[in-house]
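# Remarks on the overall topology
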Amino acid sequence: MIKVLLQGHNYSYEIAEFLKLFSSEFSFLDGSEVFTVNQDMQDSEVLVNKLEIIRKRDRVDIFTNTKVFLGGTELYNREIKESIDIETLDKSFVDIDKNSNDSENIKDNTEKYLVKKVIETEHNKKIFAKTNKKLDNNIKTISKRIIQRSMYYYLLDRFDANVPWGILTGIRPVSIVNALFDMDMTEDDIRENMKREYLIKEEKLDLIIEIAKRERKYIYPLSEDKISLYVSIPFCPTRCLYCSFPSHPLAKFGSLRHKYIETLLKEAKGVAELIKMQSKEIETLYIGGGTPTALEADDLNYLITGLFNIFDLSKIKEFTVEAGRPDTITEEKLRTLKKHNVSRISINPQTMNQETLETVGRNHSVEDIKDCFYMARKLDFDNINMDIILGLPGETPDMVDSTMKEIIALDPESVTVHTLALKRASDLNINMNSYKDALASYQKMIEMIAISRKHMKDNNYNPYYMYRQKHMLGNLENIGYSKEGYESLYNMQIMEDRQSNYAIGAGAVSKFVYLDETRIERVDDVKNLEIYLERVDDMIDKKYREVEKNANKSSKRN
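Residues numbered from 1 in each chain as written. Predicted model: local features only at pLDDT ≥ 70, side-chain atom pairs only at ≥ 80, totals over all residues. Heavy atoms only, no water.

If you check an unreviewed UniProt entry, the protein chain appears there as Coproporphyrinogen III oxidase from Peptostreptococcus russellii.

Laid out in structure tokens, this is it:
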């Protein structure tokens, strides 16, 4: 057990998330500016981190030092000093400490990006916004980074850890690369910066740079005039073991499906007026869940017909519906989707191993998955995605290899490979004691990801988007693969946060992206189905308030 003492700051939450990359065996000591080894610590391993921030007229100096003691003996001592120039963006924000041989203290531009998140952007020319609050936030961000770097090498050696993402704990590392490309940095410069500032390994760096370069062809040039539209259908036949999404089992809530569609279309009308008022153009439409095909064919038809009557969808480039679970898919429902020109569907097996399907609560067979896929092909669906999850209870690398071979034989246009995340509200997490021995080890997860990547690469599927989640096994990643030309525009936009996403329905979360301020505001609809049905007007009003609030800010700035 490592005891952790923080001095000069209280970033205990962020440091805890970082320490979890290496071990769960740690605890925090009560803060003190003076550290002495008392009798209770004689046999303890104690990590002490100290942070000092000095503000000057033209710069902020940040100093951090990490020491580790065992029984009072110092085992480790690493310090990092950085200066942030707050006046001139043409100069580096990180100065070289010329009296140090520490490779951490090297001039580069990565932290420039972090500070530049407080600026306004116009034609890629950056104008610094001098506000104390924004500056404080960015100083805090930089401070956390250098604290983590000062601890990293001790933890890496102490736990003999394999941490390919370095100190990156965020969910969208591709966004950092895209931001550096926006600064006109070369690929070589980006590689050096990412390795130096985030200690990321080459294999993961190759992945996110490849994805960023592929994404940029689709999401640029950026435009605040275009948005994506998400529609939530929060019903499922049953709740899967690993799921934390809004999903209401049909056995209990199925009778509310039509009433829900009526209420959803009411919210749609309110949001459509808002979109029209702003002169926004809907670029993509995504109906997800839950499981949209948990609706009966008539309700599915009624919903889509209503959406096209309410919204101007004449210019959409992509229309996706998650057909999802094979135990909800029928020929009648697929014909309904085809009639409405749905361009992309998902048929999501999660695994092609029957025993695992039963363990996670999927009431269908492997053969059902294949039958649904062939049925969709027969009806001329030519853009089908399939989702799988690595690390499901009891799964082995050999089982993953078998799943990948089955998926490749079906030949879908895209495959999304998820790593199991132990989500707080999932039955899997709630009943962890029953499943912990069945979960894959870190090394097995690495092996599973390698197997999936090899199958994808060997069969000409390219990684085109990725994201990470908290509590993901091995702190690894989810990757979307596709054949050339079948990349999902919606997925890329939603992951990179470069386009506003207007979302309706129980559990839906709208994201309002303000490109000129590099700011995102989230507005959520309630998850509970029955409350949503009662309070849909409030859901509409919340979105109007966000738009009005931003309009008021804009008028004050002008």
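## A short note on the overall build of the protein chain
Tallying secondary structure elements over the protein chain gives 19 helices and 20 strands in all. The buried share of the protein chain, taken over its 558 residues, is 56%. Taking contacts inside the protein chain between residues at least 6 apart in sequence as the whole, the part at least 24 apart equals 72%. A total of about 24,800 Å² of accessible surface is found on the protein chain, and carbon and sulfur atoms cover 46% of it. (Helix = DSSP H or I, 4+ residues; strand = E, 2+ residues; numbered from the N terminus. Buried < 20%, exposed > 50% of the residue type's maximum accessible area, 1.4 Å probe, protein only. Contact = heavy atoms within 4.5 Å. Areas by Shrake-Rupley, 256 points an atom, 1.4 Å probe, with all protein chains shown as cover.)

## Structural notes on the pairing of strand 8 (residues 226-233)
Most of strand 8 is tucked away, with seven of its eight residues classed as buried. Pairing between strand 8 and strand 11 (residues 281-289): eight bridges, direction parallel. Its bridge partner lying in strand 11, Lys226 is registered against Glu281. Two strands pair when backbone bridges link them, and strand 8 and strand 18 (residues 500-504) are joined in this way by five bridges, in the parallel orientation. By the bridge assignment, Val231 is partnered in strand 18 with Ile504. (Pairing = 2+ DSSP bridges.)

## So, the packing of aromatic side chains
On inspection of all chains with the given rule, the structure shows 15 aromatic pairs. Geometrically, the ring pair formed by Tyr260 and Tyr532 is tilted, given 5.5 Å between the ring centres and 45 degrees between the ring planes. Of the two residues, Tyr260 sits in helix 8 (residues 257-278) while Tyr532 sits in helix 18 (residues 529-534), which places them 272 residues apart along the sequence. The same class applies to Tyr260 and to Tyr532, which are both buried. Connected via pairs of aromatic rings, a cluster forms that spans Phe18, Phe22, Tyr152 and Tyr153. Lying over the aromatic face of Phe159, Arg158 brings its terminal NZ or CZ to 4.7 Å of the ring centre. When the ring centre of Phe381 is taken as origin, the NZ or CZ atom of Lys338, which lies over that ring, is 4.8 Å away. (Phe/Tyr/Trp six-rings, centres within 6.5 Å; stacked < 30°, edge-to-face > 60°. Lys NZ or Arg CZ within 6 Å of the ring centre and 35° of its normal.)

## Observations regarding the environment of Lys280
Along the chain, Lys280 turns up in the loop between helix 8 and strand 11. On the basis of relative accessible area, Lys280 is assigned to the partly exposed category, the value being 22%. In sequence terms Lys280 and Asp312 are 32 residues apart; their C-alpha atoms lie 9.8 Å from each other. Those residues in contact with Lys280 that sit more than four places away from it in its chain are Glu224, Asp225, Ile227, Ile275 and Tyr502. From its side chain, Lys280 meets the backbone oxygen of Glu224 in a polar contact 2.6 Å long. (Polar contact = N/O pair within 3.5 Å; in protein donor to acceptor, adjacent residues only side chain to side chain.)

## Quick look at the packing of helix 6 (residues 202-219) against helix 17 (residues 489-496)
At a closest axis distance of 10 Å, the pairing of helix 6 and helix 17 adopts a crossing angle of 105 degrees. The pairing of helix 6 with helix 17 is recorded here as roughly perpendicular in orientation. Contact residues: Glu215, Tyr218 and Ile219 in helix 6; Leu489, Met492, Gln493 and Glu496 in helix 17. Each residue belonging to the contact of helix 6 with helix 17 can be placed in one class, and the counts come to four nonpolar, one polar and two charged. (Axes fitted to C-alpha atoms, helices over the stretch in contact; angles between N-to-C directions. Parallel < 35°, antiparallel > 145°, perpendicular 65-115°, else oblique. Nonpolar A, V, L, I, M, F, W, Y, C, P; charged D, E, K, R; others polar.)

## A few points about the pattern of salt bridges
Throughout the structure, instances matching the rule amount to 39 salt bridges. Lys195 is the partner of Glu202 in a salt bridge, and the nearest nitrogen-oxygen pair spans 3.4 Å. Glu202 gets classed as partly exposed once you look at its relative accessible area, which sits at 37%. With a relative accessible area of 29%, Lys195 lands in the partly exposed category. For Asp537, the salt bridge goes to Lys266, with nearest N and O atoms at 3.3 Å. Of the two residues, Asp537 is situated in helix 19 (residues 536-557) and Lys266 in helix 8; the sequence distance between them amounts to 271 residues. Exposure remark for Asp537: the relative accessible area of 39% places this residue in the partly exposed category. Under the relative-accessibility criterion, Lys266 is labelled partly exposed at 41%. (Salt bridge = Lys/Arg side-chain N within 4 Å of Asp/Glu carboxyl O.)

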